[in-house]
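Each chain, written out:
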Amino acid sequence: MFKRVSVGLLMTVALQAQAAYECNVKPQDDIIVSPQSVKIIGASGDLSISPNGDVTRAGKALTLSNDARQKAKELQTGLRREMPLLDSQIQQRLDNAKVTMDKIIVKEMGSDSKVRNHLDKLSVDLRGELSRILEKKDAENIIFHHQAIQQVQAEGQQKINQAMGAVIQDSVNEMGTKSINLSDLSGSKNPLKSMLGGLGNLQQAIRDEWKNQEKDFENFGKDACDRVTVLDMQRAALLSALPQS
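Residues numbered from 1 in each chain as written. Predicted model: local features only at pLDDT ≥ 70, side-chain atom pairs only at ≥ 80, totals over all residues. Heavy atoms only, no water.

This part covers the confidence of the model for the chain. Of all residues in the chain, 76% attain a pLDDT of 70 or more, and the chain-wide mean is 78. Across residues 1-9, where pLDDT falls below 50, the model places 29 contacts with residues more than four positions away in sequence or in other chains. (pLDDT = per-residue confidence, 0-100. Contact = heavy atoms within 4.5 Å.)

Next comes the structure, spelled out in structure tokens:
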């Protein structure tokens, strides 16, 4: 149980982030947002939408109805708004989870605990994995790589598993050393009981914090899914409104 809970906050943020990317909508397009255009490349074709609603398909300008132009403007506006917002919300939750975990480790195991290094590395690794899906070059240039989702899921889980193994190992070692030292000072003959008690306190502290944040994580995943679904519906509506030839 401790192994699973010990990095639960960071892991849950990562999984909620992936849920936001996936949802019930299965992305089939890469999306490239820049000040000049929003490009949608993949199953939807090769579309480029300007801020005023002009659309090119495979480099050819399309003659649009007023309805199609309005749908194009709404879609590119939505993508410009939602992609950076989703990225910032995910990053903020990673920050919050990392700070929370670090405070718990410092309180329960001390500021010199090696477990903190594993959490730092895991946080950096998860950010790196997520940036392979949503690549933010700067505030106005963002690329969504739909084909990276499955690979990031697999490799991100591998990094999480590696971090959990390191966390549990160092936690046991540090708690064991601390218990033996306390045993030497107090004359206690049961350092194992003391070590297990320390691990139990750490596990409980993390479990309590997870309960505090669980609802927020769930709401974030659902809200992000709803927004992604709206964008996909707008994409489908635009495709239907474009000239077919």
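Under the defined criterion, the tally for this structure stands at 14 salt bridges. For the salt bridge of arginine 116 with aspartate 102, the shortest nitrogen-to-oxygen distance reads 2.7 Å. Here arginine 116 is found in helix H4 (residues 115-131), whereas its partner aspartate 102 is found in helix H3 (residues 66-109), with 14 residues between them in sequence. Residue arginine 235 is joined to aspartate 232 by a salt bridge in which the shortest nitrogen-to-oxygen separation is 3.1 Å. (Salt bridge = Lys/Arg side-chain N within 4 Å of Asp/Glu carboxyl O. Helix = DSSP H or I, 4+ residues; strand = E, 2+ residues; numbered from the N terminus.)

It is worth spelling out the pairing of strand S1 (residues 29-33) at this point. The alternating pattern of S1 places Asp29, Ile31 and Val33 on a buried face and Asp30 and Ile32 on a face that is not buried. Pairing of S1 with strand S2 (residues 38-42) involves five bridges; the strand directions are antiparallel. Residue pairing for S2: valine 33 is matched across the bridge by valine 38. Hairpin geometry of S1 and S2 is characterised by an intervening segment of four residues between the two adjacent antiparallel strands. Taken together, the three bridges between S1 and strand S7 (residues 141-144) define a ladder with antiparallel strand orientation. From the neighbouring strand, isoleucine 31 faces S7, where its bridge partner is phenylalanine 144. (Buried < 20%, exposed > 50% of the residue type's maximum accessible area, 1.4 Å probe, protein only. Pairing = 2+ DSSP bridges.)

Position of serine 65 among the secondary structure elements: in the loop between strand S5 (60-61) and H3. Under the relative-accessibility criterion, serine 65 is labelled partly exposed at 37%. For serine 65 and leucine 242, which are 177 residues apart along the polypeptide, the C-alpha to C-alpha distance reads 8.1 Å. In terms of polar contacts, serine 65 uses its side chain to reach the backbone amide nitrogen of alanine 68, at 3.1 Å. (Polar contact = N/O pair within 3.5 Å; in protein donor to acceptor, adjacent residues only side chain to side chain.)

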